[in-house]
Amino acid sequence: MKKVVKALLIAALGIGAVAPIYAAESAGQAGAYLKMGVGARALGMGSAFTAVANDSTAAFWNPAGLAKLKKHEASFMHANLTDDRDYNFFNYAHVLNGKDGKSNGTLALSHINFGIDGIPETREDNNGNPELDPNGNVKIYSYFEDKETNTFISYGRAVTDKFYAGLNLKYLKHSLFNKKADTMGLDFGFMYDYSDKTTLGLSIRDLGESMDWNTGHKDDVPVTTTFGVAHQCNDKLLVAADLNKVKDMDVKFFCGAEYQIHDNVSLRVGSHDSDLTLGASFKLDTWRFDYSYADETLGDAHRISASKSF
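This section reports on the structure supplied with the text. (Residues numbered from 1 in each chain as written. Predicted model: local features only at pLDDT ≥ 70, side-chain atom pairs only at ≥ 80, totals over all residues. Heavy atoms only, no water.)

1. A short note on unusual backbone geometry
Next up, step 1: With a phi close to 65 degrees, D206 is a non-glycine residue in the positive phi region.
Next up, step 2: Its location among the elements puts D206 in strand β7 (residues 198-207).
Next up, step 3: Despite not being glycine, S274 has its phi angle at roughly 80 degrees, a positive value.
Next up, step 4: Position of S274 relative to the elements: it lies in the loop between β13 (265-272) and β14 (275-284).
Next up, step 5: Here S274 falls in the exposed class, since its relative accessible area comes to 64%. (Helix = DSSP H or I, 4+ residues; strand = E, 2+ residues; numbered from the N terminus. Buried < 20%, exposed > 50% of the residue type's maximum accessible area, 1.4 Å probe, protein only.)

2. Quick look at the side chain of R268
Next up, step 1: Examined against the element boundaries, R268 turns out to sit in strand β13.
Next up, step 2: Among the polar contacts made by the side chain of R268, one reaches the side chain of E258 at a distance of 2.7 Å.
Next up, step 3: Among the polar contacts made by the side chain of R268, one reaches the side chain of D290 at a distance of 3.2 Å.
Next up, step 4: When sequence neighbours within four positions are dropped, the list of residues in contact with R268 reads R41, G44, M45, A257, E258, T277, L278, G279, A280, S281 and D290. (Polar contact = N/O pair within 3.5 Å; in protein donor to acceptor, adjacent residues only side chain to side chain. Contact = heavy atoms within 4.5 Å.)

3. Examining the pairing of strand β2 (residues 85-97)
Strand residues, when the strand is regular, have side chains that alternate between the two faces of the sheet.
Next up, step 1: Both strand β1 (residues 73-81) and β2 contribute to a ladder of 9 bridges, which runs antiparallel. Looking at the pairing, S75 lines up with N91 of β2.
Next up, step 2: Linking two consecutive strands that pair antiparallel, namely β1 and β2, is a turn of 3 residues; a positive phi of about 60 degrees is found at D83 within it.
Next up, step 3: Bridging between β2 and strand β3 (residues 103-121) involves 12 bridges; their strand directions are antiparallel. Residue pairing across strands places Y92 opposite L109, the latter belonging to β3.
Next up, step 4: Between the antiparallel neighbours β2 and β3 lie 5 residues, among them G101 with a positive phi of about 85 degrees. (Pairing = 2+ DSSP bridges.)

Right, here's the structure in full:
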């Protein structure tokens, strides 16, 4: 037990230590939407979900958590963000049961779509000024979108009765007017049940991702490393905390709590790097509906998601 905990801590600290070196080589901010997170449940807890990750959204937060699913599950999320940004997520997680009834792990397919539509195309004249129409207004030739997508296959399984591991294989794509870029990437996740009530988690996301544009330019996607702890205080209260390190940014602290006030109703509160988050959920048969609110720098963010087990 102690060896596993020590290994997780060393891995987290080691990756954090090399982060400044990597950042010096690549200060790109490509794939910034990948840091937003998915699922209103996790977001309502301040994104402190690395060691919680026990639903199908674990595919994003920590694929090792997929191994804890008992039933197949699908999740959906939609958000209209500030500055006319649209953010959508959906996935399906399928539990692989053997002939003996024991789980052989869980396989998931997920897709994230982020973008801004209706961007006007303008052009410059020979003097470098915007071209004008006969009425003296800036001439608009067409409208286009800035669209980013992330499609990934996940697999998580139990290595022992307390230790879980997972992997994501990702395909990222970005299109902006007549420019396009794409890349492949990897995520790794680990989870360890330290006790009946306490779980440790480690996720390493966006490994080897460099957006190759058709113009010949490259944008590196910075690696994100997160170490988390979750504790089930009692049958109703769950608390969690994460240390999050993006390689070209300072360490961030996320924390959150989930309180079940009824069999079908839960409330959540959290802090996402000092930004307040709130959330609630309602269960109806095999459905769970979640809502989250976040007080973000660019303005209030409201997200709604739903999940269904099969």
